[in-house]
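# Observations on the model geometry
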Amino acid sequence: MVVKPPLQESDGKPDIEREKPVETGDDRGFVGNLVQLPRTFKESVVRQSLPDSDRARSQAVFSNLWLHAHAVRTHLYSLRPFYTMGLGVMAGVLVAILTITGLLLMIYYQPSTENAYRSIKDIVYVVPGGMFLRNIHRWAAHAMVIVVILHMARVAYTGAYKKPREFNWVIGLGLLVLTLALSFTGYLLPWDQLAFWAITVGANIAASPREITDALGITSQIDIGGLQKQILLGAEHVGEPALVRFYVLHCVILPAALFALMGVHFWRSRKDGGLARPSWANRIPMRNPFAKDQEGQRPFLGDSTGVKTYGLMALIRGRTPAVSRAPDNTVPSWPYAFLAEAAAGMVITAVVFLLSLVFNAPLKELANPLIPENPAKAPWYFLGLQEIVAYSAFAGGILIPTIVLIGLGLIPYLDREKDEQGIWFTNRLGGLIAAKSFVFALVAAAAAVAIPVTVGWLRTWFPDIPQLVITIINPGTLLMLVYVAYCLLVLRRTKSTRMSAIALFSCFLAGFIVLTVVGTIFRGPNWEFYWSSSNWPVH
């Protein structure tokens, strides 16, 4: 009985070449392998050579972990510079910058009340390049808040939240919350006066539900505010337990949540068909802004040699009309989409580096619980809320932000109109509604600040009024009701949920800007209104 050797899969080589023994057991084979080591190692890492055809570019995307997050081809409409302005890419680049600089800062930082401030001073004044490194981390964090808000504005105004992208809009809101939380938790780590008292303001906002429970007389039984403050600080005051918790949140828990949501966000964008675009985008010829000639726009999927052919049942030679043709107005993601992303990344990196060279991150005196900052201000992105907190901590810190987030999250589920996606403001009416809404919201927000400053508010007129009334009736809650009424009026007049959604986001954006500017520039000691910091009382 003859035993046949097991069948082996063909590797595509001629039999005589495949059966030729490989000399690896002697010195010559070892030396040859050693000489070829750089090439063989490179081939084991990079499976594809430099792409010279659309098929090779597709294979490069398929075989690379990072490139595989992209579609093989990108629509030219998505590459238009003023459509997305690269805001999503900029946010991703800022996350990378913050991660790298944060890891480097962690090498020198010591999370304890005794050593935190000293370690920050060592980073700034002793570590070579430490001040520049801290500046980059600081301004990248601020830039990320701005870029994420602008990215959401782009999605809202272009209708890119519509089906099937509704849930991705909600994930985007979650990323905004995590971005703010990361910036807020990092605020305490320097352990200076600015950080200590800003976090003290935040802790008081966390305890603000006591306004309601005190008014109802149930705080001794249900103390939600005290529980929130205890979870946040680990104590009743800002101290070492709070510093350690903020450090763990800032360096471990929140980044892990951010990366997880970012992964889902990118995956959903990929599975939902990429960036939103109108239906007519395939019918109008478009120009590739990154191609030097028409070769880069050629919708061709075959080999550069043109020898690849297809046939039907091996009976027909040549190409059918559909063979080697790509969808209209698309180009390979490699290199054109990556060129666009690289350009956006370089722009935001240059901006952050320039800011870091010109402006140093602030560092005040060592935190002192006995000497309060006056004014004690939260980070700039929370100053709009602090403006309302001056009347009611619960309304400004919890109630209104919760309602705003819920309202924004419901936009894609209430706006079910089948308008064209990917068009700024949808049409001329949408642009007009956005402009009018923005102006109206600016005026309304300015009035919400000006009226209490000039004539006072309920507490001024009725000193003994219950705090529960102030919680319900204050400039922030009334401003929110005015915005809601205006959006309902737009809905009634236009009979369009899309126009109402544009009005709602415009009101949110304008109100955020006005209240932030007022809190940043015009609020001084004791949270009084001053036209200029030069008018602050001398003490």
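Since we're looking at a predicted model, the values are computed, not measured.

## Let's talk about the overall build of the protein chain
The secondary structure content of the protein chain amounts to 21 helices and 2 strands. Looking at the 539 residues of the protein chain, the share that counts as buried comes to 44%. In the protein chain, the proportion of contacts linking residues at least 24 apart, taken out of those at least 6 apart, comes to 77%. Put simply, the protein chain shows about 30,200 Å² of open surface, and 67% of that area lies on carbon and sulfur atoms.

## Section: the packing of helix H17 (residues 428-455) against helix H20 (residues 475-494)
Two numbers describe how H17 lies on H20: the axes approach to 10 Å, and their chain directions differ by 155°. One element, H17, and the other, H20, form an angle in the roughly antiparallel class. When the axes of H17 and H20 are compared, the crossing they make is right-handed. On H20, the residues touching Ile-433, Lys-436, Ser-437, Phe-440, Ala-441, Ala-444, Ala-445, Ala-448 and Pro-452 of H17 are Pro-475, Leu-479, Val-482, Tyr-483, Tyr-486, Val-490 and Thr-494.

## Focus: helix H6 (residues 87-108)
Here H6 contains 22 residues, and its C-alpha end-to-end distance of 32 Å stays within 8% of the 32 Å for a straight helix at 1.5 Å per residue. For H6, the full list of buried residues reads Leu-87, Met-90, Ala-91, Leu-94, Val-95, Ile-97, Leu-98, Thr-101, Gly-102 and Leu-105.

## Quick look at the environment of Trp-527
With respect to the helices and strands, Trp-527 occurs in the segment after helix H21 (497-522). Take Trp-527: its relative accessible area is 14%, and that puts it in the buried class. Aside from chain neighbours lying at most four places away, what touches Trp-527 is Lys-377, Leu-383, Gln-386, Glu-387, Ala-390 and Gly-519. Looking at Trp-527, its side chain comes within polar contact range of the side chain of Glu-387, at 3.5 Å.

## Some words on a nonpolar patch on the surface
A cluster of nonpolar side chains, Phe-30, Val-31, Leu-34, Val-35, Leu-37, Phe-41, Val-45 and Val-46, forms an exposed patch at the surface whose accessible area comes to about 820 Å². Counting only elements with at least two residues in the nonpolar patch, the list comes to helix H2 (27-35) and helix H3 (37-45). No other element matches H2, which puts 4 residues into the nonpolar patch.

## So, the nonpolar core
Ranked by internal contacts, the top residues of the largest apolar core, which has 104 residues, are Leu-94, Trp-169 and Phe-505. Ranked by residue count, the leading element in this core is helix H8 (residues 130-157), at 15 residues. Discounting residues that sit within four places of it in the chain, Leu-94 has contacts with Ala-140, Ala-143, Met-144, Val-147, Ile-348 and Val-352.

## Quick look at the pattern of salt bridges
A side chain of one charge can pair with a side chain of the opposite charge when the charged atoms of the two come close. One pass over the structure, following the stated rule, counts 5 salt bridges. The closest approach of N and O atoms between Lys-162 and Asp-415, which form a salt bridge, is 3.0 Å. Of the two residues, Lys-162 is situated in the loop between H8 and helix H9 (166-187) and Asp-415 in the loop between helix H16 (393-414) and H17; the sequence distance between them amounts to 253 residues. In this structure Lys-162 comes out as buried when scored by relative accessible area, which is 4%. For Asp-415, a relative accessible area of 3% puts it in the buried group. A salt bridge links Asp-223 to Arg-210; its shortest N-O distance comes to 3.0 Å. One end of the pair, Asp-223, is in the loop between helix H11 (210-216) and helix H12 (224-233); the other, Arg-210, is in helix H11, and 13 residues separate them in sequence.

## Considerations on helix H13 (residues 240-271)
With 32 residues, H13 should cover 46 Å at 1.5 Å per step; its first-to-last C-alpha distance of 45 Å lies within 8% of that length. Its axis deflected by about 45° at Leu-249, H13 carries its strongest bend there. If you check which residues of H13 are buried, you get Ala-242, Leu-243, Phe-246, Tyr-247, His-250, Leu-254, Pro-255, Leu-258, Met-262 and His-265. Residues of H13 that are buried in the fold lie against H6, helix H7 (116-125), H8, H9, helix H10 (193-206) and H12. Backbone geometry just after H13 places Gly-273 at a positive phi near 95°.

## Focus: the confidence of the model for the protein chain
For the protein chain, per-residue confidence averages 85 on the pLDDT scale, and residues scoring 70 or more make up 86% of the total. This stretch, residues 7-22, has a pLDDT under 50; its non-local contacts, to residues over four places away or in other chains, come to 3 contacts. This stretch, residues 320-324, has a pLDDT under 50; its non-local contacts, to residues over four places away or in other chains, come to 6 contacts.

## A short note on the packing of H10 against H12
At a minimum axis separation of 7 Å, H10 and H12 run at an interaxial angle of 145°. Facing H10, whose interface residues are Ile-199, Gly-202, Ala-203, Asn-204 and Ala-206, H12 presents Gly-225, Gln-228, Lys-229, Leu-232 and Leu-233. By residue class, the composition of the contact of H10 with H12 is 5 nonpolar, 4 polar and 1 charged.

## What about a positive patch on the surface?
Residues Lys-436, Arg-492, Arg-493 and Lys-495 make up a contiguous surface patch of positive charge. Looking at where Lys-495 falls in the secondary structure, it is placed in the loop between H20 and H21. Overall, Lys-495 belongs to the exposed group, its relative accessible area being 67%.

## What about empty space enclosed by the protein?
Think of a ball as big as a water molecule: rolled over the atoms, this probe shows where empty space is left. Overall, the coordinates contain 2 cavities of 30 Å³ or more when judged by the stated rule. Estimated volume of the largest cavity: approximately 60 Å³. Lining the largest cavity are Glu-387, Ile-388, Tyr-391, Ala-448, Val-449, Pro-475, Gly-476, Leu-479 and Leu-515. Of all the secondary-structure elements, those providing two or more residues to the lining of the largest cavity are helix H15 (383-389), H17 and H20. When residues in the lining of the largest cavity are grouped by element, the largest group, 3 residues, is from H20. Classifying every residue of the lining of the largest cavity by side-chain character gives 7 nonpolar, 1 polar and 1 charged. Lining the second largest cavity are Arg-134, Arg-138, Tyr-187, Pro-190, Asp-192, Leu-194, Ala-195 and Pro-362. Listing elements by their share of the lining of the second largest cavity, those giving two or more residues are H8 and H10.

## Re the side chain of Asn-135
By secondary structure assignment, the location of Asn-135 is in helix H8. With relative accessibility at 3%, the residue Asn-135 sits in the buried group. Residues within four places of Asn-135 in sequence aside, it is in contact with Ser-356, Phe-359, Asn-360 and Ala-361.

## A look at the packing of aromatic side chains
Using the criterion set out here, one finds 23 aromatic pairs in the structure. When the centroid spacing of 5.7 Å and the interplanar angle of 85° are considered together, the rings of Phe-132 and Phe-353 count as edge-to-face. Placement of Phe-132 in helix H8 and of Phe-353 in helix H14 (residues 333-358) is noted, with a sequence separation of 221 residues between them. Overall, the relative accessible area of 34% leaves Phe-353 in the partly exposed class. Ring geometry for Phe-440 and Tyr-486: centres 4.4 Å apart, planes at 15°, overall stacked. Of the two residues, Phe-440 sits in helix H17 while Tyr-486 sits in helix H20, which places them 46 residues apart along the sequence. Accessibility expressed as a relative area gives 13% for Tyr-486, which makes it buried. Among the aromatic side chains, those forming a connected cluster through ring pairs are Tyr-157, Tyr-161, Trp-169, Trp-424, Phe-425, Phe-505, Phe-508 and Phe-512. Over the face of the ring belonging to Tyr-83 we find Arg-154, whose NZ or CZ atom lies 5.3 Å from the ring centre.

What counts and what doesn't
- Sequence positions are assigned chain by chain, starting from 1 and proceeding in written order.
- Confidence filtering applies because this is a predicted model: local features only for residues at pLDDT of at least 70, side-chain atom pairs given and counted only at 80 or more, and all residues used for totals across whole chains, interfaces and linings.
- Note that the side-chain values use all heavy atoms of the structure and ignore hydrogens as well as water.
- For the purposes of this entry, the term helix denotes a DSSP run of H or I that reaches at least four residues, the term strand denotes a run of E that reaches at least two, and both are numbered from the N terminus.
- Buried means the residue's accessible area, taken with a 1.4 Å probe over protein chains only, is under 20% of the maximum for its type, while exposed means over 50%, and partly exposed covers the values in between.
- By the convention used here, residues are in contact when the closest approach between their heavy atoms is within 4.5 Å.
- Surface accessibility follows the Shrake-Rupley procedure with a 1.4 Å probe radius. Residue values consider only the protein chains on display as shielding.
- Convention adopted: a line fitted to C-alpha atoms gives each axis, helices being fitted over their contacting stretch, and angles between N-to-C directions are expressed from 0 to 180 degrees.
- Any angle from 65 to 115 degrees is called roughly perpendicular, while one under 35 is roughly parallel, one over 145 is roughly antiparallel, and all others are oblique.
- Crossings are classed by handedness, with left-handed meaning an anticlockwise turn of the near helix from the far one by less than a right angle and right-handed meaning a clockwise turn.
- The span one expects for a helix is its residue count, reduced by one, times 1.5 Å.
- Pairs of N or O atoms within 3.5 Å make up the polar contacts considered here, provided that, within protein, one atom can donate a hydrogen while the other can accept it, and that residues adjacent in sequence are counted only when both atoms are side-chain atoms.
- Note on patches: the residues involved have over 30% relative accessible area and no salt bridge, like charges join within 9 Å, and the nonpolar side chains Val, Leu, Ile, Met, Phe, Trp and Tyr join within 5 Å.
- The term salt bridge refers to a side-chain nitrogen of Lys or Arg lying within 4 Å of a carboxyl oxygen of Asp or Glu.
- Only buried residues count toward a nonpolar core. Its members are Ala, Val, Leu, Ile, Met, Phe, Trp, Tyr and Cys residues joined through side-chain atoms within 4.5 Å.
- Throughout, bend refers to the angle between the axes fitted to the seven residues that end at a position and the seven residues that start at it.
- Confidence scores per residue from the predictor, reported as pLDDT, run from 0 to 100.
- Classification used: nonpolar for Ala, Val, Leu, Ile, Met, Phe, Trp, Tyr, Cys and Pro, charged for Asp, Glu, Lys and Arg, polar for all others including Gly.
- Just so you know, the count uses Lys and Arg for positive and Asp and Glu for negative, and it drops His and the chain ends.
- To locate a charge, the coordinates of NZ of Lys, CZ of Arg, CG of Asp or CD of Glu are taken.
- In the cavity and pocket records, a cavity denotes points on a 1 Å grid over the protein atoms alone where a 1.4 Å probe fits but cannot get out, a pocket denotes an open set with protein on both sides within 12 Å along at least 5 of 7 lines, and lining residues are residues with an atom within 4 Å of a point.
- Grid points are joined across faces, edges and corners, and a volume is the space filled by probe spheres set on the points.
- For Phe, Tyr and Trp, where Trp contributes only its six-membered ring, two rings pair if their centres lie within 6.5 Å, and the inter-plane angle classes them as stacked under 30 degrees, edge-to-face over 60, or tilted in between.
- Criterion for a charge above a ring: Arg CZ or Lys NZ at most 6 Å from the ring centre, at most 35 degrees from the ring normal.

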